[in-house]
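# Survey of secondary and tertiary structure
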Amino acid sequence: MLLNPSARDPAARSRLIAALTVPVVLWPLFRAAEVEPGALFDPDNLKVIGHFLAAFLPPESGAEFLGYLARATLETLAIATAGMVLAFLLAVPLAYLATGAGREQPTLNPLTRSLLTVLRGIPELVWALLFVRVFGLGPAAGVLALGLTYGGMLAKVYAEILESVDAAPARVLRHNGAGRPLAMLYGLLPLASKELASYTVYRWECAIRASVVMGFVGAGGLGQLMDQAMKMLNGGEAATILLTFMLLVFSADGLSGWLRRSLDRPPANRPSPFGGRSAFFGLALLAGAVASFKYRDIDLASLWRLEAVNSIGTFVADFFPPDLSADWLDKVARGVWETLAISVVGTLLAAVAGMLLALPRRWMPFTVLLNTLRSVPELVWATMTVLAVGLGPFAGALALALHTAGVLGRLYAEALANAPPAAGCALRLAGAPGSPAFCYGTLPGAAPQLVAYTLYRWEMNIRMAAILGFVGAGGLGQLLYVELSLFHQARASTVIVAMLLLSIAVDQASAWLRRKMH
Amino acid sequence: MAFRLNGVGLAYANGFDALKGITLQAAQGERIALIGPSGAGKTSLLSVLGTAWAPTVGTAEILDAGDRPRSAAALARLRARIGTIHQSPPIPGRQRAVTAVLAGRLGRWPAWKSLASLIYPLDIPGAGAALDRVDLADKLFARCDQLSGGQLQRVGIARVLYQQPDLILADEPVSALDPALALATIRLLIADAEARGATLVASLHAVDLAIGNFSRIVGVKAGRIAFDLPAGEVGIPLLHELYAGEGGELPVQAHEPHFLSQAAANDAATRAACC
Ligand SMILES: Nc1ncnc2c1ncn2[C@@H]1O[C@H](COP(=O)(O)OP(=O)(O)OP(=O)(O)O)[C@@H](O)[C@H]1O
Ligand SMILES: [Mg+2]
């Protein structure tokens, strides 16, 4: 076939259209997020943040403060562990009900699935804020909040993992007369157990970060100390607390890495696959869980006394019906738009920064930087960005970007390291310089993974963006916080429904985009 | 001189000696076939020629760059003049054929051109012509994960044709092609090398393809050179000795009787199979 010399790239048209639509879509979002890099260099802001940062040195190390800090750290660990136990107990039956695995007829399970969506769709901090109103200040609210949200997340992912492994072994067992639970235990769990355990450990790591911020709504732990330190602009205390965060997150990271690696070891050659190490680990887990529930006043049983149930009843009843008056809806709609803008801008900034940090990751300072960014939760970043650029959505977007850049940078670096190396090597052997060889050889192999990570992160960030307003960083959180403080439950209820719908919509959009990328 | 290997040995990181005492040289424009059983060291030898591995023992002078170029820039300039066709084409599945072919010139293009070309391919006619030579002009804008194994291998060949290197290293360039197409493709590579005065070193599994088309045959066995002879002097006993331990059959492309005598008579049968 002879080539038409004037051949044009047939993809050019759609690329041009994409290149034109992306700015058209992003521009209003950047406007809504009030992105204003100049604010970073505003002299007034510089003075505030400069004074604050200057006070970081030396970090506070008075004996009294360290005593508070130790107690708050223990409380944080207890909230995370107790919350995870609750989440796990909730997730196992829910996952069993929701998953299509091990069923002979496909089912939809609309009830369980929508319950999971509601549990996951409302951020844990919103649950915590609500529970604090009912049960009073203290760690119990944090534990319940973590338990519900993480229970929903664990159940959804467990259900998906069980559906993703080879279904044939379980099907054969069922045809041979085994019931569904036994068929799943013998036919599915052996295939899925490693991934299930690995995800659970990973979630526990996240739970520690989440319980750190519970204190911002009065649900105990390190966050409460941080909130106080920030309100007093006490840089020395803030520095010590931040260092403690990092220490906690790094140790959780190390422990979870070690646990996941030990899942990879083949079982020993003896009748029971569980040996001394597993027994020790099981006991430690049990002891940790019991100690966590016993710790201070995480007394969930007392929640079910009659007067508590009554007060829950009246509190919940106040939320219905949601306030649907036109001017309130208008305000909420603007909050939704701002929240969406914060999540998109924050994620995009993080993707760019994460990529820049991932490329030279082999160098020591970048690893430390990535881990530092990652170990500080978004909400804590937000308390500092509002000092740097003032109250409003830009502070929220920056806070999201800072934390997410750490997370994405690490994921990107892993994806690039795992991309098939042959294509890039071949180009370098043909004399291609580093960056073209990377763009033509390595990047196409890693791109689907990079895009998927970014979109998953966006799904998380929309939930985060919804609560950054608790510390004044814009979005729906601000509305919710104010209305709940004023006991306007009906208005708050509208905001919560909006958060839920927004997170569902973003999940759908992200799934659609991921499908488009293939 | 195209290359001169002097007492070259190559030990991999695990300590395995893949090449031992290889001394081999070629004039510019020569066309050499490497044959030998699986694991003999053909790919390893081609990697040394392609500067992927520096010899652990001995010296390797490639093109006119001398032994070991002094700087990274000099090495990159040398590598831009070497084109390698890999045993399995190292092309990302999501890349389009046009981009995969244009990637052959990354070593010579300025960075801005390489990057701009990712947005809009800057030499569509050039890539199209290269793909046309391997009969794939209609796949110019197809994604590589939608090509068959043989088509993908031909995209890899088109990339090297587009690169126009002074030294072409082909590692089993036709392993995924049917006999007729394999022969046509080998001839295409030879014709391209001949027209541009480039040197061609190709490793081949099929001895009939090697002997029928290349003037010089190098047999490799257990990391050493077993023989280095003009094609006409490679006889059946020599080949049986080279492939001893692979079951007594000689690996060939076209299962025709007496292929060797035909090969020596410049291969009329296979030529017929081609057209
Ligand atoms: N990266 C490596 N590390 C260690 N040993 C290797 C490596 N690559 C190849 N080898 C070994 O070196 C020897 C020669 O390998 P080479 O790939 O050069 O063989 P070959 O002749 O190309 O074989 P084939 O015809 O199967 O492609 C083999 O025994 C192989 O196992
Ligand atoms: Mg080989």
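Located above this text is the structure these notes cover.
Everything quoted here is computed from the prediction, not taken from an experiment. (Residues numbered from 1 in each chain as written. Chains lettered and ligands numbered in written order. Predicted model: local features only at pLDDT ≥ 70, side-chain atom pairs only at ≥ 80, totals over all residues. Heavy atoms only, no water.)

### Here we look at helix 1 (residues 12-32) of chain A
Here helix 1 of chain A spans 31 Å end to end across 21 residues, near enough to the 30 Å set by a 1.5 Å rise per residue. Where helix 1 of chain A ends, the next residue or the one after it, A:Glu34, has phi of about 55°, a positive value. (Helix = DSSP H or I, 4+ residues; strand = E, 2+ residues; numbered from the N terminus. Expected span 1.5 Å × (residues − 1).)

### Here we look at the packing of helix 4 (residues 110-121) of chain A against helix 6 (residues 139-164) of chain A
Residues and elements named next belong to chain A. Helix 6 packs onto helix 4 with a crossing angle of 135° between their chain directions and a minimal axis gap of 7 Å. Judged on the interaxial angle alone, helix 6 and helix 4 are oblique. Between helix 4 and helix 6 lies a crossing whose hand is left-handed. Residues Arg113, Leu116, Leu119 and Arg120 of helix 4 lie in contact with helix 6, whose contacting residues are Leu148, Thr149, Gly152, Met153, Ala155, Lys156 and Glu163. Tallied by class, residues from the contact of helix 4 with helix 6 come to five nonpolar, two polar and four charged. (Axes fitted to C-alpha atoms, helices over the stretch in contact; angles between N-to-C directions. Parallel < 35°, antiparallel > 145°, perpendicular 65-115°, else oblique. Left-handed = near helix turned anticlockwise from the far one by under 90°. Contact = heavy atoms within 4.5 Å. Nonpolar A, V, L, I, M, F, W, Y, C, P; charged D, E, K, R; others polar.)

### Some thoughts on the pairing of strand 3 (residues 31-35) of chain B
All names here are of chain B. In terms of residue burial, strand 3 counts as a mostly covered element, since five of its five residues are buried. Neither face of strand 3 is exposed, since Arg31, Ala33 and Ile35 on one face and Ile32 and Leu34 on the opposite face are all buried. Two elements, strand 3 and strand 7 (residues 199-203), share four bridges in a ladder whose sense is parallel. Note that in strand 7 the partner of Ile32 across the bridge is Val201. In the sheet, strand 3 pairs with strand 8 (residues 216-221) via four bridges, with the strands oriented parallel. Within strand 8, the position partnered with Ile35 by the bridge is Gly219. (Buried < 20%, exposed > 50% of the residue type's maximum accessible area, 1.4 Å probe, protein only. Pairing = 2+ DSSP bridges.)

### A short note on the packing of aromatic side chains
All names here are of chain A. In the structure shown here, the tally under the stated rule is five aromatic pairs over all chains. Taking the centre distance of 5.9 Å and the plane angle of 15° together, the rings of Trp127 and Phe131 count as stacked. Of this pair, Trp127 and Phe131 both sit in helix 5 (residues 124-135), four residues apart, which is roughly one turn of the helix. For the pair formed by Trp127 and Phe131, the shared burial category is buried. Above the ring of Tyr96, the side-chain terminus of Arg180 is found at 4.3 Å from the ring centroid. Across from the ring centre of Tyr150, 5.1 Å away, lies the NZ or CZ of Arg203, which sits over that ring. (Phe/Tyr/Trp six-rings, centres within 6.5 Å; stacked < 30°, edge-to-face > 60°. Lys NZ or Arg CZ within 6 Å of the ring centre and 35° of its normal.)

### Observations regarding the side chain of A:Thr494
With respect to the element layout, A:Thr494 can be found in helix 21 (residues 489-517). Those residues in contact with A:Thr494 that lie beyond four places of it in its chain are A:Pro322, A:Asp323, A:Leu324, A:Trp328, A:Leu329 and A:Val332.

### Side note on the coordination of the magnesium ion (ligand 2)
All names here are of chain B. For the magnesium ion (ligand 2), every protein donor is listed as Thr43 (OG1) and Gln87 (OE1), and the spread of their distances is 1.9 to 2.6 Å. On the criterion of sequence distance, the pair formed by Thr43 in helix 1 (residues 42-49) and Gln87 in the loop between strand 5 (82-85) and helix 3 (97-102) is long-range, its members being 44 residues apart. Judged by relative accessible area, which is 36%, Gln87 ranks as partly exposed. (Donors = N, O, S within 2.8 Å, 3.2 Å for Na, K, Ca; no water.)

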